[in-house]
Amino acid sequence: MQDRCGSGAPAGSLARPLEDCAEGLSGRYDCRMELWEVADQELRAFEPTDDELVAAAPALAAAYGDPHNSRMMGQAPGAFAAGDAIEHFARLRAAGGRPFLLERQGKLAGDADFRNLAGEAAEFAILIADPAVQGQGLGSRFARMLHAFAFEVLRLQRLYVAIIPANHASRRLFEKLGYRPDDSPAARRHADEPTDLTLSVGRGEIPAGPAGQERAIRLRRRVAPG
Ligand SMILES: CC(C)(COP(=O)(O)OP(=O)(O)OC[C@H]1O[C@@H](n2cnc3c(N)ncnc32)[C@H](O)[C@@H]1OP(=O)(O)O)[C@@H](O)C(=O)NCCC(=O)NCCS
């Protein structure tokens, strides 16, 4: 099963403790010591603790298995269990990725991650969990916040996405964020299928948001629990 664009992973054991995470980005980041959150007035993206992930996992699994979401993420239809969502985060972290939970006014809104980190580049994936609230601007706002994390905290130089051609919401979202078609070998390695579209954006290439809708984005390291 593909795990493109924030989708789940095969069932397996529960997440490994954060202490066991592989270090990402050449050892500059330690998962246990540096959990981050990015927030504006009502939206919050954060790297969850084990307990937070366990609490969110049933809703995430339902979102991964939603037929529309599955189709847009290019994955085979099928149900997911909470353990699949937990395992998905664990696998991303073990490979040096940076998965986030997304919340709107304290309620789970989806997830997003930076994966396949290589040098100063990574692949980005995002999911707004409830199809009924997609298309209302949430994806654009969360993506903008998370790109601030990627470029200002991780200091990445380029981000890639791979999208199925029928995913018009994604195509528009990333176009607005400054992504452009990219068929270079570095971009194509993120494609799961030959028909996938690959796009990328470089540091400093993200245009300003819509006039009058600017929101202050706060980036901060989370205080380690306990
Ligand atoms: C892709 C996704 C994250 C976008 O988030 P969203 O909250 O739905 O997107 P937004 O509301 O911010 O919309 C972004 C742009 O796409 C447009 N858009 C949204 N749905 C659209 C659709 N079905 N067709 C065409 N354009 C669409 C919006 O109008 C907006 O453009 P505008 O500002 O010019 O009006 C979300 O739809 C989602 O989670 N989809 C399922 C999973 C998925 O596809 N993940 C991404 C895989 S890489």
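Structure: above.
Just so it is clear, the structure is predicted and the values come from calculations on it, not from any experiment.

With that settled, consider the overall build of the protein chain. Summing up its helical and strand segments, the protein chain has six helices and nine strands in all. Split into buried and exposed, the 226 residues of the protein chain put 42% on the buried side. In the protein chain, 68% of the contacts between residues at least 6 apart in sequence involve partners at least 24 apart.

Moving on to helix α1 (residues 50–65). Each α-helix winds once per 3.6 residues, and so residues spaced three or four apart point in a common direction. In this model α1 runs 22 Å from its N-terminal to its C-terminal C-alpha over 16 residues, within 8% of the 22 Å that 1.5 Å per residue would give. Remark: the principal bend of α1, roughly 45 degrees, maps to Ala57, with a proline, Pro58, within the next four residues. Residues Leu53, Ala56, Ala57, Leu60, Ala61, Ala63 and Tyr64 constitute the buried set of α1. In the core, the buried residues of α1 are packed alongside α2 (67–72), α3 (82–94), β3 (98–104), β4 (107–118) and β5 (121–128).

Further remarks concern helix α5 (residues 168–176). Regarding α5, the residues found buried are Ser170, Leu173 and Phe174. Taken end-on, α5 shows its buried residues confined to a sector of 90 degrees, consistent with a single buried face. At its buried positions, α5 is contacted by α2, α4 (138–153), β6 (158–163) and β8 (197–202). The first or second residue beyond α5 is Gly178, which carries a positive phi of 100 degrees.

Another aspect to go through is the pairing of β5. The buried fraction of β5 amounts to seven of the eight residues, a majority that puts the element mostly inside the structure. Examined bridge by bridge, β4 and β5 share seven bridges and lie antiparallel to one another. Note that in β5 the partner of Ala112 across the bridge is Ile126. What sits between the antiparallel neighbours β4 and β5 is a turn of two residues, in which Gly119 has the positive phi angle 60 degrees. As defined by bridge partners, β5 adjoins β6 across three bridges and the pair is classed as parallel. When the sheet's bridge partners are listed, Ala121 is paired in β6 with Arg158. Each parallel crossover has a hand, and for β5 linked through α4 to β6 it is right-handed.

Looking at chain direction, strand β1 (residues 36–39) and strand β9 (residues 218–221) are connected through four bridges and run antiparallel. Residue pairing for β9: Val38 is matched across the bridge by Leu219. For β1 and strand β2 (residues 43–46), the ladder comprises three bridges, and the chain directions are antiparallel. Within β2, the position partnered with Ala39 by the bridge is Arg44. Taking the residues that link successive antiparallel strands as the turn, the β1-β2 hairpin has three residues.

Next up on the list: the environment of Ala61. Note on placement: Ala61 falls in helix α1. Between the alpha carbons of Ala61 and Ala129 there is a distance of 9.4 Å; along the sequence they are 68 residues apart.

Reading the values: the criteria
- Residues numbered from 1 in each chain as written.
- Predicted model: local features only at pLDDT ≥ 70, side-chain atom pairs only at ≥ 80, totals over all residues.
- Helix = DSSP H or I, 4+ residues; strand = E, 2+ residues; numbered from the N terminus.
- Buried ≥ 20, exposed ≤ 12 C-beta atoms within 10 Å, placed from the backbone.
- Contact = placed C-beta atoms within 7 Å.
- Expected span 1.5 Å × (residues − 1).
- Bend = angle between axes of the 7 residues up to and from the residue.
- Arc of directions from axis to C-beta.
- Pairing = 2+ DSSP bridges.
- Right-handed = clockwise from strand over helix to strand, strands pointing away.

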